[in-house]
Amino acid sequence: MAIIETHDLTKEFGKLTAVDHLNLSIEERDIFGFIGPNGAGKTTTLRILSTLLRPTSGQARVAGIDVTKKPYEIKKVVGFMPDSFGVYDGMRLREYLDFFGAAYKIPGRKRKAIIDDVLALTDLASKADDFVSAFSRGMKQRCCLAKTLLHDPQVLLLDEPASGLDPRARIEVRELLKTLRDMGKTILISSHILSELGDMCNKIGIIEHGQLLAHGDYREILSGLRMEREIRLRVLEGADRAAEILAETPGLNNVDRSGNEFHFESTIVREALADVLHRLIQSGVKVLFFEEEEGTLEDVFLHVTKGGI
Ligand SMILES: Nc1ncnc2c1ncn2[C@@H]1O[C@H](COP(=O)(O)OP(=O)(O)OP(=O)(O)O)[C@@H](O)[C@H]1O
Ligand SMILES: [Mg+2]
């Protein structure tokens with residue numbers, strides 16, 4: 001069942017169309033990567049889904065609730081983490097969370113237990129009595145996520161949660177997102193840093209100029225958008241013979257050899273590619289690897305976006 005759905009969602013700022021007839025469908029328990037260059041319309045979309053902005057036209061529903069018709073109901077099911085957050089001078093982490101817990105109308109007697117839970121989940125328990133303003137960027141990010149989790153929202157909208165984090169902190173974010181998914185939450189996460197999303201998401205949508213250019217299963221998008229397969233071949237013996245075979249096979253292009261290793265592009269069908277491997281082995285070439293190289297999200301991105309922002 002789709003838990004986030006938009007239909008021709010459009011937002012205009014004067015003459016500028018920031019979100020242009022966007023049709024999104026995100027299933028329950030997806031970790032959906034919303035990627036696009038600066039100014040593509042990611043934040044605008046997230047702000048509409050969290051009722052901070054009204055769309056110019058079109059519809060958006062979260063958990064079956066229309067965002068423009070029942071904004072208060074939406075606030076209960078959605079947790080929005082903005083891409084930048086204010087620093088609260090002189091506030092300790094527990095006070096900060098208590099303040100927002102009160103704002104979410106969580107009764108005082110329940111608040112402490114809930115705060116302890118989110119502190120444990122975000123691995124911030126040992127920092128509960130530290131000043132928020134003294135936190136590093138990664139810790140501030142986690143602290144903001146802790147705040148977003150206080151009212152136990154079904155859907156998390158995270159705007160660039162991994163930006164500016166070091167690789168270790170990114171891995172921690174990834175693990176945390178998986179934990180949240182396992183708890184039954186659906187996560188929409190935006191980024192323009194493509195490689196950081198690849199291993200976090202099962203689905204991606206690529207947006208540019210407010211329009212969705214590609215949308216679907218992460219791996220399908222990666223393989224479907226590439227016209228050619230890149231193959232890597234490494235041999236132990238018979239490299240010269242291998243070079244001859246690659247050169248005489250139609251549909252194998254740009255063969256690049258360095259010693260016993262070859263890279264080439266293949267436009268032939270998979271069965272024909274399997275035949276190439278068979279011929280190599282039959283001709284006495286000792287094959288160590290014969291494998292397809294995975295495309296990266298960057299490849300896909302450059303392929304589908306025109307880069308006009
Ligand atoms: N309040 C506003 N008033 C006028 N124009 C706006 C407003 N908010 C956003 N825009 C414009 O809408 C477009 C989309 O902006 P948005 O912030 O949604 O992009 P984004 O994909 O989040 O980009 P980034 O990666 O830089 O965060 C941009 O051209 C931006 O200048
Ligand atoms: Mg943004």
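Refer to the structure printed above.
What you see is a predicted model; the values in this text were computed from it and never measured.

K.L.:
How should the sheet that holds strand β8 (residues 155-159) be read in this particular structure?
P.N.:
With mixed pairing, six strands are arranged side by side in an open sheet as β7-β8-β9-β4-β10-β11. The open sheet has two edge strands, β7 (78-81) and β11 (211-217), and neither has a second partner. Pairwise comparison of adjacent strand axes, ignoring direction, gives a mean angle of 15 degrees for this sheet. One ladder, built from six bridges, connects strand β10 (residues 203-208) with β11; its direction is antiparallel. Note that in β11 the partner of Glu 208 across the bridge is Gln 211. Packed onto the sheet, helix α1 (residues 42-49) meets β4 (31-35), β7, β8, β9 (186-191) and β10 and runs at close to 150 degrees relative to β8. Sheet contacts for helix α6 (residues 167-182): β4, β8 and β9; angle to β9, the most-contacted strand, approximately 150 degrees.

K.L.:
Could you clarify how one ought to interpret the environment of Gly 58 in this entry?
P.N.:
Following the sequence through the fold, Gly 58 ends up in strand β5 (residues 57-62). On the basis of neighbour count, Gly 58 is assigned to the partly exposed category, with 18 C-beta atoms found within 10 Å. Counting along the chain gives 51 residues from Gly 58 to His 7, while the straight-line C-alpha distance between them is 5.7 Å. When sequence neighbours within four positions are dropped, the list of residues in contact with Gly 58 reads Thr 6, His 7, Asp 8, Leu 9, Thr 10 and His 21.

K.L.:
What's the story with the site of ligand 1 in this structure? I'm lost.
P.N.:
By nearness alone, every residue bordering ligand 1 is listed as Phe 13, Leu 16, Ala 18, Gly 36, Asn 38, Gly 39, Ala 40, Gly 41, Lys 42, Thr 43, Thr 44 and His 192. Looking at the shell around ligand 1 element by element, the count peaks at three residues for α1. Within the shell around ligand 1, the residues separate by chemical class into four nonpolar, seven polar and one charged.

K.L.:
So what exactly am I meant to see when it comes to the environment of Asp 166 here?
P.N.:
Structurally, the position occupied by Asp 166 is in the loop between β8 and α6. A tally of 11 C-beta atoms within 10 Å means that Asp 166 is categorised as exposed. For the pair Asp 166 and Gly 138, spaced 28 residues apart in sequence, the C-alpha separation works out to 8.1 Å.

Quick notes on the rules
Residues numbered from 1 in each chain as written. Chains lettered and ligands numbered in written order. Predicted model: local features only at pLDDT ≥ 70, side-chain atom pairs only at ≥ 80, totals over all residues. Pairing = 2+ DSSP bridges. Helix = DSSP H or I, 4+ residues; strand = E, 2+ residues; numbered from the N terminus. Axes fitted to C-alpha atoms, helices over the stretch in contact; angles between N-to-C directions. Contact = placed C-beta atoms within 7 Å. Buried ≥ 20, exposed ≤ 12 C-beta atoms within 10 Å, placed from the backbone. Near = placed C-beta within 6 Å. Nonpolar A, V, L, I, M, F, W, Y, C, P; charged D, E, K, R; others polar.

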